[in-house]
Amino acid sequence: EFQAIKSGFAELEPVICYSVKANSNLSLLKVLNEAGSSFDVVSGGELFRVQRAGADTTRVVFAGVGKTDAEIRQALESNILMFNVESEGELDAISAVAKSMNRVAPVAMRLNPDIDGKTHEKTTTGKKGNKFGMDIERHNELAAKVLADPHLELRGIHMHIGSPIMTTDPYLQSARKAVAVVQDL
């Protein structure tokens with residue numbers, strides 16, 4: 001399956017990230033690394049495991065909520081591709097750690113698109129009022145904050161609407177909102 005995704009999108013030269021929280025078995029991570037996968041981590045422990053698997057950390061995305069200052073520092077020292085940032089408070093925390101290290105932290109803003117993925121109420125993440133992501137209606141204000149901060153570099157946006165999603169319509173709605181944000185920025 002990985003090779004099918006890799007070859008299907010080869011023309012775009014994507015960074016395809018395996019979510020380590022799904023299975024952090026070191027042997028599996030090594031096989032995925034050898035196949036050309038990169039990784040999505042949500043903790044310093046997961047970052048350590050992908051480093052042990054031989055991963056190129058410049059292609060690793062650090063996602064998830066509740067990143068500690070120590071994990072932010074570890075990720076910056078590892079030269080990760082970017083942090084997926086869940087909240088304005090997290091932007092501030094990443095900036096403060098980067099400033100203390102005299103570094104620039106690469107970030108992608110996780111925007112909540114206010115899309116109902118029509119999934120189970122416990123696994124929906126894209127509706128207004130869900131605890132994940134920043135309000136999409138504030139994307140210009142949030143981007144301006146990142147761009148004005150000398151210790152942050154805006155690398156992209158990120159959206160997630162939940163799982164499992166059984167129809168394509170929520171993805172289409174989210175993609176349209178994402179394109180509009182990118183064009184606006």
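The shown structure was predicted, so the numbers you read here are calculated from the model rather than taken from an experiment.

Student: Would you explain the pairing of strand E2 (residues 38–41) in this entry?
Tutor: Side-chain positions along a regular strand alternate between the two faces of the sheet. What you see with E2 is no split at all: Ser38 and Asp40 on one side and Phe39 and Val41 on the other are buried throughout. Two elements, strand E1 (residues 17–19) and E2, share three bridges in a ladder whose sense is parallel. Each residue of the ladder has a partner; that of Tyr18, found in E2, is Phe39. Each parallel crossover has a hand, and the one from E1 via helix H2 (residues 26–35) to E2 is right-handed. Bridge analysis of E2 against strand E3 (residues 61–62) gives two bridges, and the strand direction is parallel. Bridge pairing links Val41 to Phe62 in E3. Each parallel crossover has a hand, and for E2 linked through helix H3 (residues 44–52) to E3 it is right-handed.

Student: I keep staring at the packing of H3 against helix H4 (residues 69–77) and nothing clicks. Help me out?
Tutor: Any two packed helices are characterised by how steeply their axes cross, that is the angle between the axes, and by the distance between the axes. At their nearest, the axes of H3 and H4 sit 9 Å apart, and the two run at 25° to each other. As summarised for this structure, H3 and H4 are arranged roughly parallel, according to the angle between their axes. Crossing angle aside, the handedness with which H3 passes H4 is left-handed. Contacts between H3 and H4 involve Gly44, Leu47, Phe48 and Gln51 from the former and Glu71, Gln74 and Ala75 from the latter. Here the residues of the contact of H3 with H4 sort into three nonpolar, three polar and one charged.

Student: Mind showing me how you'd approach the layout of surface pockets here?
Tutor: A probe matching the size of a water molecule, rolled over the atoms, marks out where space remains unfilled. Put simply, the largest pocket is a space of about 930 Å³. Around the largest pocket, the lining is made up of 30 residues, and of these Asp40, Val61, Asn84, His158 and His160 lie nearest the centre. If you list the elements that add at least two residues to the lining of the largest pocket, you get E1, strand E4 (82–85), strand E5 (105–112) and strand E7 (152–158). The biggest single contributor to the lining of the largest pocket is E7, with four residues. Of the voids in this model, the second largest pocket is the one considered here, and its volume is about 180 Å³. Lining of the second largest pocket is provided by Met159, His160, Ile161, Gly162, Ser163, Ile165, Tyr171, Ser174, Ala175 and Ala178.

Criteria and thresholds
- Residues numbered from 1 in each chain as written.
- Predicted model: local features only at pLDDT ≥ 70, side-chain atom pairs only at ≥ 80, totals over all residues.
- Heavy atoms only, no water.
- Buried < 20%, exposed > 50% of the residue type's maximum accessible area, 1.4 Å probe, protein only.
- Helix = DSSP H or I, 4+ residues; strand = E, 2+ residues; numbered from the N terminus.
- Pairing = 2+ DSSP bridges.
- Right-handed = clockwise from strand over helix to strand, strands pointing away.
- Axes fitted to C-alpha atoms, helices over the stretch in contact; angles between N-to-C directions.
- Parallel < 35°, antiparallel > 145°, perpendicular 65-115°, else oblique.
- Left-handed = near helix turned anticlockwise from the far one by under 90°.
- Contact = heavy atoms within 4.5 Å.
- Nonpolar A, V, L, I, M, F, W, Y, C, P; charged D, E, K, R; others polar.
- 1 Å grid on protein atoms, 1.4 Å probe; cavity = no way out; pocket = protein on both sides within 12 Å on 5 of 7 lines; lining within 4 Å.
- Points joined across faces, edges and corners; volume = space filled by probe spheres on them.

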